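These are the residues of each chain, in order.
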Amino acid sequence: MKIVFMGTPDFAVPCLRKLAESEHDVAAVFTQPDKPKGRGYKMIPTPVKAAALEYGIEVYQPISMRKGDDAAEALNILHNIAPDLIVVTAYGKILPKEILELPKYGCINIHASLLPKYRGAAPINWVLLNGETETGVTSMQMSEGLDTGDMLIKKSVKIGENETYSQLYSRLSEIGGEVLAETLDALESGNLVPEKQDDSLSCYSPMIRKEMSALDFSRSASELHNIIRGVTGFTMMGGKRLKVFASEISDNIAHGDAGTIADADDFSVNCGAGTIKFCEIQLEGGKRMKTADFLRGRKLTKGEKLG
């Protein structure tokens, strides 16, 4: 098949690599425009663009797919390519009806949740924030609604008790490539069976906001653990911002006010219910490190107040 791929972050790269190393013809890649990064504001290509260039695939980076000259040019390019299929993985742009209906087989999206649950922009964050124990990847026939198209292939995975966003992101990224390959095989063999989504079972995963990372120790240890896993937590210690990248629910019984250090030897903190142990942290002005390494250079005091 002649395929156009649309994607932007590193999550989408395994899908692109699966296509590029298959027998399919990847005629073009569409990705978001390069963005400035670092002190020198050097323009950095998206991970998908970088991967596409490795394979010598033509890359297009329209600012918009829905309005203006860029959108008109993108539509013209797609008409000229005349792809059999468009594959979309974390592209970050909404496609108009004209593009959705252009290919022979339409557009297939690889989505990082078990639809119809967790439609929207941040499904990986929200399954962790909500303490889910299972998630997965779904391939979907795209429609004009937000992640509402017919489901094609699903693959589920268990979520580790202490698994963080970055760890789950990496796992689901690789699974996305597997689901795509399975979907294309089923499409070519005529064995693909679309399944309508039950809207009554759906839930939405909106964009993450910075303030969601703040750790309110009046909440339970399990709630704070899920915040740290899902979006990285932060609090204040000695007037400095403390980021928390990984944690565990502590076996220590809470003794003391919420937000005070329960055990100075393992950096566990009293919560509204239970205690939480910080496992990987970064104090403002310092490096990200395992808590055990941090405690070799800094002595904590039981009862010390955070926040």
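Below: a short report on this structure.

### Quick notes on helix 7 (residues 221–231)
Line of reasoning, step 1. Among the eleven residues in helix 7, nine count as buried, and that is most of the element.
Line of reasoning, step 2. Contact partners of the buried residues in helix 7: helix 5 (123–129), helix 6 (165–189), strand 10 (233–237), strand 11 (240–249) and strand 14 (275–283).
Line of reasoning, step 3. Looking at the residues trailing helix 7, positive phi occurs at T232, about 70°.

### Side note on the packing of helix 1 (residues 13–20) against helix 2 (residues 47–54)
Line of reasoning, step 1. One can describe the packing of helix 1 onto helix 2 by two numbers: an axis separation of 9 Å at closest approach and a directional angle of 20°. Classed by the angle they form, the pair helix 1 and helix 2 counts as roughly parallel. Viewed along their axes, helix 1 and helix 2 form a crossing whose handedness is right-handed. Contacts between helix 1 and helix 2 involve V13, L16 and R17 from the former and P47, V48, A51, A52 and E54 from the latter.
Line of reasoning, step 2. Class assignment of the residues belonging to the contact of helix 1 with helix 2 gives a composition of six nonpolar, no polar and two charged.

### Notes on the packing of aromatic side chains
Line of reasoning, step 1. What the rule picks out here adds up to five aromatic pairs.
Line of reasoning, step 2. Ring pairing ties together the aromatic residues F11, Y165 and Y169, which thus form one cluster.
Line of reasoning, step 3. It is R241 that lies over the ring of F234; its NZ or CZ is 3.7 Å from the centre.
Line of reasoning, step 4. The positively charged end of R288 is found above the aromatic ring belonging to F245, 3.8 Å away from the centroid.

### Describing unusual backbone geometry
Line of reasoning, step 1. In this structure, P116 follows L115 across a cis peptide bond, with omega equal to 10°.
Line of reasoning, step 2. Following the sequence through the fold, P116 ends up in the loop between strand 7 (107–111) and helix 5.
Line of reasoning, step 3. Its identity as a non-glycine residue notwithstanding, A90 has a phi of 50°, on the positive side.
Line of reasoning, step 4. Mapped onto the secondary structure, A90 falls in the loop between strand 6 (85–89) and helix 4 (97–100).
Line of reasoning, step 5. Judged by its relative accessible area of 34%, A90 falls in the partly exposed class.
Line of reasoning, step 6. Positive phi outside glycine occurs at Y118, with the angle close to 60°.
Line of reasoning, step 7. The topology assignment puts Y118 in the loop between strand 7 and helix 5.

### Quick look at the side chain of E280
Line of reasoning, step 1. For E280, the location among the structural elements is in strand 14.
Line of reasoning, step 2. Not counting the four nearest positions on each side in its chain, E280 is found in contact with K243, V244, F245, A246, R288, M289, K290 and T291.

### A word on the packing of helix 1 against helix 6
Line of reasoning, step 1. One can describe the packing of helix 1 onto helix 6 by two numbers: an axis separation of 7 Å at closest approach and a directional angle of 40°. In this view, helix 1 runs oblique relative to helix 6, as classed from their interaxial angle. Judged by the twist between their axes, the crossing of helix 1 over helix 6 is right-handed. On helix 6, the residues that touch P14, C15, K18 and L19 of helix 1 are S173, E174, G176, G177, E178, L180, A181 and L184.

### Details of the pattern of salt bridges
Oppositely charged side chains can form a pair if their charged atoms are brought close together.
Line of reasoning, step 1. Taken as a whole, this structure holds 13 salt bridges when the rule is applied.
Line of reasoning, step 2. Note that K49 and D34 form a salt bridge whose closest N and O atoms lie 3.0 Å from each other. Taken as a pair, K49 in helix 2 and D34 in the loop between strand 2 (25–30) and strand 3 (35–37) lie far apart in primary sequence, 15 residues in all.
Line of reasoning, step 3. You can call K49 buried: its relative accessible area is 15%.
Line of reasoning, step 4. Residue E280 is joined to R288 by a salt bridge in which the shortest nitrogen-to-oxygen separation is 2.7 Å.
Line of reasoning, step 5. For E280, a relative accessible area of 15% corresponds to the buried category.

### Points about the environment of L306
Line of reasoning, step 1. Here L306 lies in the segment after helix 8 (291–297).
Line of reasoning, step 2. Separated by 156 residues in the primary sequence, L306 and D150 place their C-alpha atoms 48 Å from one another.
Line of reasoning, step 3. Contact partners of L306, with chain neighbours within four places excluded, come to F217, T235, M236, M237, G259, F267, V269 and F278.

Conventions we followed
Residues numbered from 1 in each chain as written. Predicted model: local features only at pLDDT ≥ 70, side-chain atom pairs only at ≥ 80, totals over all residues. Heavy atoms only, no water. Buried < 20%, exposed > 50% of the residue type's maximum accessible area, 1.4 Å probe, protein only. Helix = DSSP H or I, 4+ residues; strand = E, 2+ residues; numbered from the N terminus. Contact = heavy atoms within 4.5 Å. Axes fitted to C-alpha atoms, helices over the stretch in contact; angles between N-to-C directions. Parallel < 35°, antiparallel > 145°, perpendicular 65-115°, else oblique. Left-handed = near helix turned anticlockwise from the far one by under 90°. Nonpolar A, V, L, I, M, F, W, Y, C, P; charged D, E, K, R; others polar. Phe/Tyr/Trp six-rings, centres within 6.5 Å; stacked < 30°, edge-to-face > 60°. Lys NZ or Arg CZ within 6 Å of the ring centre and 35° of its normal. Salt bridge = Lys/Arg side-chain N within 4 Å of Asp/Glu carboxyl O.

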